[in-house]
Amino acid sequence: MAKPSRARFGERASIVPFLTLIAVLVLAILICVFGWTTPFRKANGEKIRLKGINEIRFGIDIRGGVEAVFAPKDYNDKVQAEQLDAAAKVLNFRLDKLQILDRELTTSPSAGRIIVRFPWRSDETEFKPDEALQELGEMAYLSFRKPDGTIVVDGTDVEDAAAVFRSDTKTPAVSLKFKEEGAKRFAEVTEEMAGLSQPLAIYLDESLISAPVVREKITGGSASIESPNMTREEAFDLASKINGGALPFALEAISSSSLSPKLGRNSLHLMTLAGVISFLIICVYMIVVYRLPGVVGCISLTAQIVGVLLAISLPQQTLTLQGIAGIILSIGMGVDANIIIASRIREEARNGLTLSAFLHNGFTKAFSSVMDSNVTVAIAAIVLMIFGSGTILSFAYSLLAGVILNGITGVWMTRKMIASLTKIEGLRKPYLYGARRTA
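Rules and cut-offs
Residues numbered from 1 in each chain as written. Predicted model: local features only at pLDDT ≥ 70, side-chain atom pairs only at ≥ 80, totals over all residues. Heavy atoms only, no water. Pairing = 2+ DSSP bridges. Helix = DSSP H or I, 4+ residues; strand = E, 2+ residues; numbered from the N terminus. Axes fitted to C-alpha atoms, helices over the stretch in contact; angles between N-to-C directions. Expected span 1.5 Å × (residues − 1). Buried < 20%, exposed > 50% of the residue type's maximum accessible area, 1.4 Å probe, protein only. Salt bridge = Lys/Arg side-chain N within 4 Å of Asp/Glu carboxyl O. Contact = heavy atoms within 4.5 Å.

J.: I keep staring at the sheet that holds strand β10 (residues 172-178) and nothing clicks. Help me out?
T.: Paired through backbone hydrogen bonds, the strands of a sheet run either parallel or antiparallel to each other. If you walk across this open sheet you meet the three strands as β9-β10-β13, and the pairing is antiparallel. The open sheet has two edge strands with one neighbour each: β9 (158-165) and β13 (222-226). When the angles between neighbouring strand axes are averaged without regard to direction, this sheet yields 25°. Where β10 meets β13, five bridges bridge the pair, whose relative direction is antiparallel. Opposite Val 174, over in β13, you have Ile 225 as the bridge partner.

Structure (C-alpha cells):
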C-alpha cells in the first residue's frame, strides 16, 4: 500500500480543469450532433465541413447500397483470370482508399465480370445507382514519377509485373517488363537518376504504392523492385497493383441496381434506442454504487462515445455492423476501466485514509490493470488494421479509436476531473467516494 504521507493527489488542482473539460465535451457533442462548417476552405474554394453523426456513412446491412457489374471496355480478346484478379485487387485498393469498408467484390472469370456491392454515401438522398458509380471513377492510373512529380512512364508502357524470388539472396522481389517505347524512356530516366540515390515513385491514381531507389541505368526493358524487408505477400500485392494499372482494358459498369438494407430500415433506430437505454442503466448503476466517481465515470464514458463517433464521422469511415461491434467492445472496456478505478477508490476510502491519500492510492492501483487491457487490445486492433481489409478494417478502426479514447477519458480525464472537484469544499467528504457513512 502506498504511504499516505507521500500522496499528492490534486494538490495543485482547481475547479478550472473540470469546467474546461466540460466545455470541450459540450462543444464536441454539438459538433457530433449538428456537424460544423468551418471558415477554412479546400483548394477548390469549398468550405471544410466537419460532419456529424447524421452524416455517417452506414454499411449495406444498415442503409442499403449499389450492386454493379463491371466488364472490360472495348476489349475483344478473352479476359484472363489473372487479369481479372488484378483488376479486382485494384478496385479493392481504391475502395479502401475511399474508406468504403463495407463491400462485397466477386469475380466471374468465365464471364469476364466483376461484381461489386457497396453502400450509399452519407449525403445521398436520391438513390441513383448510375450516379453512385461515379465515386469509383475510372480504372486506376499507374504512373512512375521522378522526385519533382514528373511522370516518365505510365501503365500503358508496362507489359507485365510478377512476384519472384532472387536466386542469389532468396528474398522476394517484383520483376517488371516494359514494352518497347516504355523500355526506352525507362532507360533514359534511370540513366539520369543513377547514382543520385533518388526514388522513382510508383503511383496508383494519387496513392504511392512503392518508391524504389534508382542505383544504375536499367536497359533491356526489364527491372526489379527489391527491398530487404519485402515479404512474399507484399511482393504479390505490389505486382497485382501494377498489373491492375497496366491492364490492356478499362472497366465499365454494364449494369447497376439498388440494394435494400438486409436488416430493415428501422434497425438503426432500434440499435440506437437500445444503446441509449443501456447507457442510462449503466450510469444509474455507477452513480448509485460508486457515488461521485460514478458521476465522473459517466461523464468520461460520454466523452468516449462522442469521440468514437467523431472519429468515424469526420473522416467518413463506413460504419458497418462489425464497426458497431468494435464500438460496443471499446465502450465495454471504458465501463470496465471506470468501475475498476471507482472500486479501488472505494476500497482505499474504507481504510480510513485521508482524501488525497485514498484517491492517489486508488488511481495508482487501478492504473496498471486498465492500461494493460487497453494496450493488449490496441495491439490486436493495429494488427487487424495492417493485414485486414473491408469490414475487418471497419471493426479494427472502431475498436482502436475506442481503446485510445478510453485511455484518454477513462484514465487521464477521470483523474483530472476528480482532482478538480476535490477543491469544492462540499465534495471533499469521504462518503461521496465510497467510504462508509460515519455517525
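J.: When you look at helix α7 (residues 267-290) in this model, what are you seeing that I'm missing?
T.: Each α-helix winds once per 3.6 residues, and so residues spaced three or four apart point in a common direction. The end-to-end C-alpha distance of α7 is 34 Å, a good match for the 34 Å that 24 residues give at a rise of 1.5 Å each. All buried positions along α7 are accounted for by Ser 267, Cys 283, Met 286 and Tyr 290. Taken from the residues just after α7, Arg 291 is the one with a positive phi, measuring 60°.

J.: Honestly, the pattern of salt bridges in this entry has me stumped. Any pointers?
T.: Side chains that differ in charge, positive against negative, can pair when their charged atoms come close. As enumerated under the stated definition, the model contains ten salt bridges in all. The closest approach of N and O atoms between Glu 55 and Arg 49, which form a salt bridge, is 3.1 Å. Judged by relative accessible area, which is 30%, Arg 49 ranks as partly exposed.

J.: Would you explain the environment of Ala 162 in this entry?
T.: Of note, Ala 162 is situated in strand β9. Among the residues examined, Ala 162 registers a relative accessible area of 25% and is labelled partly exposed. Sequence separation between Ala 162 and Ile 277 is 115 residues; the distance between their C-alpha atoms is 55 Å. Residues within four places of Ala 162 in sequence aside, it is in contact with Ala 173, Val 174, Ser 175 and Ala 239.

J.: Quick question: what am I supposed to make of the environment of Val 189 here?
T.: Its place among the elements puts Val 189 in helix α5 (residues 180-193). Taking the relative accessible area as the measure of exposure, Val 189 reaches 5% and is therefore buried. Not counting the four nearest positions on each side in its chain, Val 189 is found in contact with Lys 146, Val 152 and Leu 200.

J.: How should I be thinking about the sheet that holds strand β8 (residues 151-154) in this particular structure?
T.: Taken together, four strands build an open sheet; the order of strands is β8-β7-β11-β12 and the sheet is antiparallel. For this open sheet the edge positions go to β8 and β12 (207-210), each flanked by a neighbour on one side alone. Within this sheet the neighbouring strands show an average axis-to-axis angle of 35°, counted without direction. As judged from the three bridges shared by strand β7 (residues 142-145) and β8, these two strands associate in the antiparallel manner. By the bridge assignment for β8, Ser 143 is matched with Asp 154.

So yeah, pure geometry; function would need other evidence.
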